[in-house]
Amino acid sequence: MTSSDHTSTTTPGSGSASSHGKTILIGEHAVVYGAPALVLPVLDVRVVATVTPVPADAVGAGHSLESTVHTGPLDLAPAAVMPTVTAVTATLQHFGVSDRHVHVRVDSEVPTARGMGSSAAVAAAVTAAVADALGETLDVETHHELIQACERVAHGRPSGLDARGVVASAPVWFESGRIEPVTLGARFTFVVADTGVPGHTREAVSAVRAHHDADPEGVGAVIDRIGALARRARGTLEVGDAQALGVTMDAAHGLLSELDVSSADLDRLVDAARAADALGAKLTGGGRGGCVLALAADDDHADRIAAALRGAGAAATWTTTIGARA
């Protein structure tokens, strides 16, 4: 679909859109080697973008941003905001109205550098909000491509996993670049806990690659086992078996530890979740910092797990549900 298919001839009004965070349920690092991954939307940790037009005759007319990272003209934005700049300019270009100027406000609950898809979530909300301000709607694939354009600015060669996860309403099966929604057989409740330490994804990915180069057979076997756990976890989601899902999560954390991508902070929170009788707990994302994901039996249990995680040093916790929502 080209920009000419969506050209808007009206003056933009205000628009808004939202997205949410994501975590990897099973499959981090192994997905780099072609294994499947399950991406979990974190529906209760949200990003809201609001876009309003800037009159052409306004003094100093141009794009502007209001956010915790940068407030002011977009052309003076630091490098960290360049994906957001791309979200604005690429969407306007897509609709053939690059001469329009807008003010963008971003309110994000998704922490940065924690493996929760912060940059993709902001891109998803901003691109959709710009379209909304133009009186337009992005179809799924066009929206994905615009998010990916922003992610390329942020990460170089994104897999597309984050871009899919931050707009999904249910877990997504990701394999060899293809995605499928996963049908849920029950309601599942998760607690996400932030170690307070930024994740070091590139460092962890490089370390796994070095291990793989040194021992392709041994590391390949671990990757195959993570892939098998992802397939098993998909089955547990589809039949609604939370107990079995928790077992796969525990096993996945053990394998990720074998790949040397866990850390003392992550292991401490995993242990705290298990001591609070979590059905399963593991690191989520690139590792060596970032977040832990724990599975609860119900909402009350989630509250107890969250309290235990905060008591063990978690900087923040979030509870989210998938499936039938209360």
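In this numbering scheme, every chain counts its residues from 1 along its sequence in written order. Owing to the predicted nature of the model, reporting of local features is limited to residues with pLDDT of at least 70; listing and counting of side-chain atom pairs is limited to 80 or more, with chain, interface and lining totals taken over all residues. Side-chain numbers come from the whole structure's heavy atoms, not from hydrogens or water.

### Considerations on the sheet that holds strand E10 (residues 291–296)
Turning to step 1, where the next piece is worked out: A pair of strands is labelled paired if DSSP reports no fewer than 2 bridges between them. Starting at the N terminus, helices and strands are each numbered in turn, a helix being any DSSP run of H or I of at least four residues and a strand any DSSP run of E of at least two. Pairing within the open sheet is antiparallel, and its four strands lie in the order E9-E10-E8-E11. One side of each edge strand has no neighbouring strand; the edge strands of this open sheet are strand E9 (280–284) and strand E11 (316–322). Averaged over all pairs of adjacent strands, the angle between strand axes in this sheet comes to 25°, irrespective of strand direction.
Turning to step 2, where the next piece is worked out: Where strand E8 (residues 188–194) meets E11, seven bridges bridge the pair, whose relative direction is antiparallel. From the neighbouring strand, Val-192 faces E11, where its bridge partner is Trp-318.
Turning to step 3, where the next piece is worked out: The criterion used for residue contact is that any of the two residues' heavy atoms lie within 4.5 Å. To get an axis, fit a line to the C-alpha atoms, keeping to the stretch in contact for a helix; angles then go from 0 to 180 degrees between the N-to-C directions. Helix-sheet contacts for helix H7 (residues 242–258) involve E8, E9 and E10, and the interaxial angle to E9 is about 45°.
Turning to step 4, where the next piece is worked out: Packing against the sheet, helix H8 (residues 264–275) makes contact with E8, E9 and E10, and its axis sits at approximately 160° to E9.

### Some words on the confidence of the model for the chain
Turning to step 1, where the next piece is worked out: Across the chain, the average pLDDT comes to 90, with 94% of residues at 70 or higher.
Turning to step 2, where the next piece is worked out: The predictor's confidence in any single residue is recorded as pLDDT, a number from 0 to 100. Model confidence for the chain, summarised as mean pLDDT per element, is weakest for helix H5 (residues 201–214) at 86 and strongest for helix H9 (residues 299–311) at 98.
Turning to step 3, where the next piece is worked out: Low pLDDT, under 50, characterises residues 1–11; the stretch is placed with 25 contacts to residues that sit more than four places away or in other chains.

### Focus: the packing of helix H1 (residues 82–94) against helix H3 (residues 140–155)
Turning to step 1, where the next piece is worked out: As a packed pair, H1 and H3 sit with axes 8 Å apart at the nearest point and diverge in direction by 145°. Relative to H3, the crossing made by H1 is right-handed. Contacts from Met-82, Pro-83, Thr-86, Ala-87, Ala-90, Thr-91 and His-94 in H1 reach Thr-142, Leu-146, Ala-149, Cys-150, Val-153 and Ala-154 in H3.
Turning to step 2, where the next piece is worked out: Charged means Asp, Glu, Lys or Arg here, nonpolar means Ala, Val, Leu, Ile, Met, Phe, Trp, Tyr, Cys or Pro, and polar covers whatever is left, Gly included. In the contact of H1 with H3, the residues fall into nine nonpolar, four polar and no charged. Left-handed describes a crossing whose near helix is turned anticlockwise from the far helix through less than a right angle; right-handed describes the clockwise counterpart.

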